Amino acid sequence: MRAITFADPGEPDVLRVETLTLPQPGRGEVLVRVMAAGVNRPDIMQRKGLYPPPPGACPRLGLEIAGEVVACGLPQEGTTMPAIGSRVCALTNGGGYAQYCLVPAGQCLPWPTGYTAVQAAALPETYFTVWSNLFMPAIPPAGTRVLVHGGTSGIGTTAIQLVHALGGEAYATAGTAEKCALCETLGARAINYRDEDFLTRIREMTHDKGVNIILDLVGGAYFNRNLKCLAMDGRLVIIALQGGAKAEQADLARIMTRRLTVTGSSLRPRDSASKARIAQELHTHVWPLLDAGTIAPLIHAVFPLEDAATAHQTMEDGEHSGKIILQVSPD
Ligand SMILES: NC(=O)c1ccc[n+]([C@@H]2O[C@H](COP(=O)([O-])OP(=O)(O)OC[C@H]3O[C@@H](n4cnc5c(N)ncnc54)[C@H](OP(=O)(O)O)[C@@H]3O)[C@@H](O)[C@H]2O)c1
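Residue numbering note: each chain is counted from 1, following its sequence as written. Local features in this predicted model are restricted to residues of pLDDT 70 or higher, and side-chain atom pairs are both shown and tallied only at a pLDDT of 80 or more, whereas totals for entire chains, interfaces and linings draw on every residue. Hydrogens and water are ignored here; the side-chain numbers use all heavy atoms of the structure.

1. A short note on the UniProt feature "domain: Enoyl reductase (ER)" (unreviewed entry) in the protein chain
Working step 1: UniProt annotation of "domain: Enoyl reductase (ER)" (unreviewed entry) refers to residues 10-326 when read in the numbering used here.
Working step 2: The helix and strand labels rest on DSSP assignments: H or I over at least four residues marks a helix, E over at least two residues marks a strand, and numbering proceeds from the N terminus. The span residues 10-326 carries 30% helix and 26% strand; its end-to-end C-alpha distance comes to 20 Å. UniProt positions are given in the numbering used here, feature names are shortened, and annotations may be inferred rather than shown by experiment.

As structure tokens, then:
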């Protein structure tokens, strides 16, 4: 099979097409003939050598795919194996930038009604991440105010739509007027973080009540302002550290006096059982919304598999909104 590989970390031009042996599914795994694969910011970090795959994971790039099941391993107790020939989208344990990819069966979901491979491949990484961080262990009550940093990222466009569809009030930051307009279209009240102080604006917009939850991808540089944005009993969820891993002069008193929760998570190192639990919840709560067209992935651009380097460069240029997808074979 053809797959994208790289020998040493570096710029997008380290990516190359290699011919590899077709993998065989083990117990509880399926082999998927990949039609499309999503590109995510963690792939960029992995290519740069800043995000090594967890032990036991496929070392190649690609965290999400859509395609057709072509082989199944022996069944695993408690896991339903998708039928051969069924069309699935899946959160992979790496290796999605390829013509075939092995995936644990529990991490597969069906294509929503009327979806193409490109649309289906745009779902797993952001939906698993957003659902597990914002809606597990419980869906917040209607009216919950949620601030989403990076509102037009793949993660952000998913988070805004889900918050809005499930009865919450979404607020989002973005770096241009156009991106702010898109956040508003998706259902959020937007703040241009380059022109305005998001803390001041959140206080104005919420009449000093603050937000109940923040989904943050900036980390250190936003830590104190994030704490100040939170209402009593609020929750800060950190899922990336684009603004650094250290919070200087962190105001811990605010956590204590406002009963705040500071948490975070990384999807990739979670075990297959935990990813399967997220998949089941998505199937129950989110797939009906996708089937009905209430929410939908936003596709910025599609590149052929061989142009993975251009896809990475496009993401690094930062002008995209929503998802960047690799088309591996026709639907
Ligand atoms: N923890 C996990 O399990 C997990 C899983 C998947 C992804 N992630 C992380 O989630 C983030 C989004 O991933 P993606 O694939 O959706 O990437 P993406 O589409 O490339 O988005 C990156 C986003 O970061 C925003 N950003 C950068 N600096 C910012 C700042 N100072 N304030 C507000 N926004 C800022 C950008 O906003 P503008 O373009 O408006 O400047 C852009 O929307 C990445 O950091 C990724 O590593 C975490």
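Further notes follow.
2. Quick notes on the packing of helix 3 (residues 124-135) against helix 9 (residues 272-285)
Working step 1: Fitted lines through C-alpha atoms serve as axes, helices being fitted only where they are in contact, and the angles separating the N-to-C directions of these axes extend from 0 to 180 degrees. At a minimum axis distance of 10 Å, the contact between helix 3 and helix 9 shows a crossing angle of 90 degrees. Taken together, helix 3 and helix 9 sit at an angle that is classed as roughly perpendicular. Of the residues in helix 9, those in contact with Y127, F128, W131, S132 and F135 of helix 3 are K275, I278, A279, E281, L282 and H285. Should an angle fall under 35 degrees it is called roughly parallel, over 145 degrees roughly antiparallel, and 65 to 115 degrees roughly perpendicular, with every other angle called oblique. The contact rule is simple, with two residues in contact once any of their heavy atoms fall within 4.5 Å.

3. Considering the pairing of strand 4 (residues 64-72)
Working step 1: Pairs of strands are assigned from DSSP output, requiring at least two bridges between the strands. Relative to strand 4, strand 3 (residues 29-39) is paired through 7 bridges, and the arrangement is antiparallel. Looking at the pairing, L31 lines up with A71 of strand 4.
Working step 2: Inspection of the sheet shows strand 4 paired to strand 5 (residues 87-91) by 5 bridges, in the antiparallel sense. The partner of G67 across the bridge, within strand 5, is V88.

4. What about the site of the ligand?
Working step 1: In the vicinity of the ligand there are 27 residues, among which R41, G175, K179, Y193 and Y222 approach most closely.
Working step 2: The term polar contact refers here to a pair of N or O atoms within 3.5 Å; inside protein, the definition further demands a hydrogen-donor-capable atom paired with an acceptor-capable atom, and it admits residues adjacent in sequence only when both atoms are side-chain atoms. Within the side chain of Q242, a nitrogen or oxygen atom sits 2.9 Å from an oxygen atom of the ligand.
Working step 3: Every accessible area reported is derived by Shrake-Rupley at a probe size of 1.4 Å, with residue values counting cover from the shown protein chains alone. Starting from 910 Å² of accessible surface for the ligand in isolation, the protein chains cover 90%.
Working step 4: Where the shell around the ligand is concerned, the elements lending two or more residues are helix 1 (41-47), helix 3, helix 4 (154-165) and strand 9 (169-174).
Working step 5: By residue class, the composition of the shell around the ligand is 11 nonpolar, 12 polar and 4 charged. Nearness is defined per residue: one heavy atom within 4 Å of the molecule or strand is enough. Here the term charged refers only to Asp, Glu, Lys and Arg, the term nonpolar to Ala, Val, Leu, Ile, Met, Phe, Trp, Tyr, Cys and Pro, and the term polar to all other amino acids, Gly among them.

5. Some thoughts on the side chain of R145
Working step 1: For R145, the position within the fold is in strand 8 (residues 145-148).
Working step 2: Working definition: with a 1.4 Å probe on protein chains only, accessible area under 20% of the residue-type maximum means buried, over 50% means exposed, and in between means partly exposed. Neither His nor the chain ends is counted toward charge; the positive residues are Lys and Arg and the negative residues Asp and Glu. A carboxyl oxygen of Asp or Glu within 4 Å of a side-chain nitrogen of Lys or Arg is what we treat as a salt bridge. Although R145 is buried, it forms no salt bridge, and the closest oppositely charged side chain is E169 at an N-O distance of 5.1 Å.
Working step 3: There is a polar contact of 2.7 Å between the side chain of R145 and the backbone oxygen of G210.
Working step 4: Contacts of R145, omitting those with residues within four sequence positions, involve E169, Y171, T206, K209, G210, V211, N212, I213 and A231.

6. With respect to the domain arrangement of the protein chain
Working step 1: When its domains are assigned, the protein chain resolves into domain 1 (2-123 + 268-327) and domain 2 (128-264).
Working step 2: Annotation comment: domain bounds sourced from an automatic or database domain assignment. On a C-alpha basis, the centroid separation for the pair domain 1 and domain 2 is 27 Å.
Working step 3: Facing the 22 residues of domain 1 at the interface are 17 residues of domain 2.
Working step 4: Accessible area that two parts lose when put together, with a 1.4 Å probe and added across both, is what the buried area reports. At the boundary of domain 1 with domain 2, total buried surface from both sides reaches about 1600 Å², with 70% on carbon and sulfur atoms.
Working step 5: It is I278, E281 and L298 that lose the most area in domain 1 upon contact with domain 2, and together they represent 26% of the buried surface on that side.
Working step 6: Between domain 1 and domain 2 we count 0 salt bridges in total.
Working step 7: Our count for the contact surface shared by domain 1 and domain 2 stands at 5 residue pairs in polar contact (both at pLDDT 80 or more).

7. Topic: the packing of aromatic side chains
Working step 1: Here the aromatic set is Phe, Tyr and Trp, taking the six-membered ring for Trp, and pairing holds for ring centres within 6.5 Å; pairs whose planes are under 30 degrees apart are stacked, those over 60 apart are edge-to-face, and all others are tilted. All chains considered together, the criterion is met by 2 aromatic pairs.
Working step 2: An angle of 50 degrees between the planes, with centres 4.6 Å apart, marks the rings of F198 and Y222 as tilted. Taken together, the positions of F198 in helix 6 (residues 198-205) and Y222 in the loop between strand 11 (211-216) and helix 7 (223-229) put the pair 24 residues apart, joining distant regions of the chain.
Working step 3: Here F198 falls in the buried class, since its relative accessible area comes to 1%.
Working step 4: Take Y222: its relative accessible area is 10%, and that puts it in the buried class.

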